[in-house]
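Reading the structure
Each chain is listed here by its residues.
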Amino acid sequence: MQKTIFGYTHDGRAVHRIVLNSGTARCGILTYGGALQFLEVPDRNGDMTDVVLGFDTVEGYQSQDKYIGAIIGRYANRIGDSGFSIHGTKFSLFSNSGPDHLHGGKNGFDKKIWRAEEVPGGVRLTLESPHMEEGYPGNLKADVTYILYGNELAIKFEAVSDRETVCSLTNHAYFNLGGQGSGTIENHLIRLNASRYTPVKDERCIPTGEIARVDGTPMDLRRPVHISQNIEKDFDQLKYGGGFDHNWVIDGQPGELRPAAEAVDPDTGILLAVDTTLPGIQFYTGNHLDGCPPGKGGAVYGNRHAFCLETQFYPDSPNQPDFPSAVLSPGEVWSHTTVMKFGVEK
Ligand code: BGC
């Protein structure tokens, strides 16, 4: 593990970058937001390709609002009307997406400086989020460990709280398997191991509460399809999201590491397979990237120039009785793992 100073925040705090090198792949992790700043994997010719969006400076990270590469918490995705109740006690959260709460609020885990320590093959990041921060009950301690092994990047998420709270941690990497800054990802093939998804009510993207089958809809991605083939289909859900921006229910047993998603860029041949223990996955096609400041090496990041595969509890679970519960009780450990496996298609 190599740890160097990456830069300083507006208020003068040092941000470190930790570089992991497995021999076949390399990645950089920032203590700012726990962000995956670069991830280089070989393409089908063996050329190293950086497949994630990011910035060359701390200023770049602080001047954008797209959550690029960051760890999201305390609750990834949306909580409708910025509130929820546990046993009749109501908690109000910060509204940062119209009337709703998105990705942990105003000063979520993506904007925190994490402590970093070396572990075999990787780095463990730690953060303490005090009781009532952003409105969430309980002092929460979060641990996120990145391990790079061969062409696999594993992320292990753990959290404990001293009171009942809600928790859903994810990584918000934006991928472009053609290389960051290479333009649209609409040529990529996507496959999701999901027979069901959680439809949303409208453009606010709050789930209706229904768990719907994908059969016969453009949300059926169980066989590989080109993103461009389905994304413009005449289907209300795609209009609400401005493209794909939905949670799919991963087939199989939550808690068990199982295949969730696979994407391939036919040009570079780079393939990404995501496995997770989490119940759901947000497939988001970067529909709101326009306006993003210039990325690494001056790269332009516009709409649909990257996609995200955010493993998670379903959006708005704290208000949805039929969704798996995201409540974390004292004495329990919130523990989930997501693995990103890279390969090439010849
Ligand atoms: C959400 C998008 C949102 C983006 C933030 C994604 O996880 O699903 O709706 O715009 O994060 O840039």
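Everything numeric in this text was worked out from a predicted model, so none of it was measured. (Residues numbered from 1 in each chain as written. Predicted model: local features only at pLDDT ≥ 70, side-chain atom pairs only at ≥ 80, totals over all residues. Heavy atoms only, no water.)

Before going further, it helps to spend a moment on the pairing of strand S21 (residues 245-249). Strand residues, when the strand is regular, have side chains that alternate between the two faces of the sheet. Most of S21 is tucked away, with five of its five residues classed as buried. Side chains Asp-245, Asn-247 and Val-249 project from S21 onto one buried face, and the interleaved His-246 and Trp-248 project onto a second face that is buried too. Here strand S18 (residues 196-198) runs beside S21; their pairing, made up of three bridges, is antiparallel. The residue bridging Tyr-197 from the neighbouring strand is Trp-248, located in S21. Looking at chain direction, S21 and strand S24 (residues 280-284) are connected through five bridges and run antiparallel. Among the inter-strand pairings, Val-249 is bridged to a residue of S24, identified as Gly-280. (Buried < 20%, exposed > 50% of the residue type's maximum accessible area, 1.4 Å probe, protein only. Helix = DSSP H or I, 4+ residues; strand = E, 2+ residues; numbered from the N terminus. Pairing = 2+ DSSP bridges.)

The next thing to look at is the side chain of Gln-282. Checked against the element boundaries, Gln-282 lands in strand S24. The class for Gln-282 is buried, based on a relative accessible area of 3%. Within polar-contact distance, the side chain of Gln-282 engages the backbone nitrogen of Asn-247 at 3.4 Å. Contact partners of Gln-282, with chain neighbours within four places excluded, come to Asn-77, Asp-245, His-246, Asn-247, Cys-308, Leu-309, Glu-310, Gln-312 and Pro-315. (Polar contact = N/O pair within 3.5 Å; in protein donor to acceptor, adjacent residues only side chain to side chain. Contact = heavy atoms within 4.5 Å.)

Okay, the site of the ligand next. All residues adjacent to the ligand are Lys-66, Tyr-67, Arg-78, His-103, His-172, Tyr-174, Asp-245, Gln-282, Tyr-284, His-288 and Glu-310. His-103 is positioned such that a nitrogen or oxygen atom in its side chain is 2.9 Å from an oxygen atom of the ligand. Contact between the ligand and Glu-310: an oxygen atom at 2.5 Å from a side-chain N or O atom of the residue. Within the complex, 94% of the 310 Å² of free accessible area of the ligand lies under protein. (Near = heavy atom within 4 Å. Areas by Shrake-Rupley, 256 points an atom, 1.4 Å probe, with all protein chains shown as cover.)

By size, the foremost hydrophobic cluster in this structure holds 73 residues, and its most contacted members are Tyr-146, Trp-248, Phe-283, Leu-309 and Phe-342. Looking at this core element by element, the count peaks at five residues for strand S13 (residues 140-149). Core analysis: the next-biggest nonpolar cluster, separate from the first, contains 18 residues, Tyr-61, Tyr-174, Tyr-284 and Cys-308 among them. (Core = buried A, V, L, I, M, F, W, Y, C linked by side-chain atoms within 4.5 Å.)

Let us look at the sheet that holds strand S3 (residues 26-30). Strand order across the open sheet formed by five strands is S1-S2-S3-S4-S5, with antiparallel pairing between neighbours. Here the strands that pair on one side only, and so sit at the sheet edges, are strand S1 (2-8) and strand S5 (48-50). Taking each pair of neighbouring strands and ignoring which way they run, the sheet shows an average axis angle of 20 degrees. (Axes fitted to C-alpha atoms, helices over the stretch in contact; angles between N-to-C directions.)

Looking now at the layout of surface pockets. If you roll a probe as big as a water molecule over the atoms, it shows you where there is empty space left. Approximately 280 Å³ is the volume found for the largest pocket. Lining the largest pocket are 14 residues, and of these Tyr-67, Arg-78, Leu-102, Tyr-284 and His-288 lie nearest its centre. Broken down by class, the residue content of the lining of the largest pocket amounts to four nonpolar, five polar and five charged. (1 Å grid on protein atoms, 1.4 Å probe; cavity = no way out; pocket = protein on both sides within 12 Å on 5 of 7 lines; lining within 4 Å. Points joined across faces, edges and corners; volume = space filled by probe spheres on them. Nonpolar A, V, L, I, M, F, W, Y, C, P; charged D, E, K, R; others polar.)

According to the stated counting rule, one finds 21 salt bridges in the structure shown. In this structure, Glu-133 engages Lys-112 in a salt bridge whose closest nitrogen and oxygen atoms are separated by 2.4 Å. Taken as a pair, Glu-133 in the loop between strand S12 (122-129) and S13 and Lys-112 in the loop between strand S10 (101-102) and strand S11 (115-119) lie far apart in primary sequence, 21 residues in all. For Lys-141, the salt bridge is made with Asp-143, and the minimal N-O distance between the two is 3.4 Å. Residue class for Asp-143 comes out buried when judged on its relative accessible area of 16%. Salt bridges linked by common partners bring Glu-117, Arg-124, Lys-141 and Asp-143 together as one network. (Salt bridge = Lys/Arg side-chain N within 4 Å of Asp/Glu carboxyl O.)

Attention now goes to empty space enclosed by the protein. Scanning the entire structure with this criterion turns up two cavities of 30 Å³ or more. The computed volume of the largest cavity comes to approximately 40 Å³. Every residue along the wall of the largest cavity is listed here: Asn-77, Thr-198, Val-200, Cys-205, Asp-245, His-246, Asn-247, Gln-282 and Pro-315. Grouping the amino acids of the lining of the largest cavity by side-chain chemistry returns three nonpolar, five polar and one charged. In this structure, the second largest cavity spans a volume of roughly 30 Å³. Tallied by class, residues from the lining of the second largest cavity come to two nonpolar, five polar and four charged.

A few words on the sheet that holds strand S27 (residues 334-344). As a general point, the strands of a sheet are linked pairwise by backbone hydrogen bonds and lie either parallel or antiparallel. Taken together, nine strands build an open sheet; the order of strands is S11-S12-S13-S14-S27-S23-S22-S17-S20 and the sheet is antiparallel. Only two strands of the sheet have a single partner each, and these edge strands are S11 and strand S20 (225-226). Across ten bridges, the pairing between S13 and strand S14 (residues 152-161) is antiparallel. Note on S14: the bridge partner recorded for Leu-148 is Leu-153.

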